[in-house]
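In case you want the letters, here they are:
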Amino acid sequence: MHPASLYHLIEIFAVSALVLGCAVYCAFRLAPETVIRHIRTTLVGLPLPATLKLTLVARRKKHAGCSAACSGCASAASRR
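This is a predicted model, so every value here is computed, not measured. (Residues numbered from 1 in each chain as written. Predicted model: local features only at pLDDT ≥ 70, side-chain atom pairs only at ≥ 80, totals over all residues. Heavy atoms only, no water.)

In the structure shown here, the tally under the stated rule is zero disulfides. Cysteine 26 takes part in no disulfide bond, and the closest cysteine sulfur, belonging to cysteine 22, lies 6.5 Å away. (Disulfide = S-S within 2.5 Å.)

Here serine 16 lies in helix H1 (residues 3–30). Among the residues examined, serine 16 registers a relative accessible area of 41% and is labelled partly exposed. Here the side chain of serine 16 touches isoleucine 12 through a polar contact of 2.7 Å, landing on its backbone oxygen. (Helix = DSSP H or I, 4+ residues; strand = E, 2+ residues; numbered from the N terminus. Buried < 20%, exposed > 50% of the residue type's maximum accessible area, 1.4 Å probe, protein only. Polar contact = N/O pair within 3.5 Å; in protein donor to acceptor, adjacent residues only side chain to side chain.)

Taking 1.5 Å per residue, 12 residues should reach 16 Å; helix H2 (residues 33–44) reaches 16 Å between its end C-alpha atoms and fits that length. Within H2, the full set of buried residues consists of Glu33, Ile36 and Arg40. The buried residues of H2 occupy one face: seen down the axis, they fall within an arc of 60°. Among the exposed residues of H2, those pointing more than 90 degrees away from its buried face are Thr34 and His38. (Expected span 1.5 Å × (residues − 1). Arc of directions from axis to C-beta.)

Put into structure tokens, the structure is as follows:
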């Protein structure tokens, strides 16, 4: 295999991974809280490392005090 083609293959893989990661991040940031909660609940049921499960559970408890769990508490402040 020619070194230039190997370089291009690695470059395509790196750029594709970066674009896919950014797309997934944006989709999660723009998704409604109910969808995120459902995905987190599903992920906690999978055989994942303990540190990842603790992170998912901690993020779920973060919004547990909100009455509606819509993640709109910050935008409820009056804007004058």
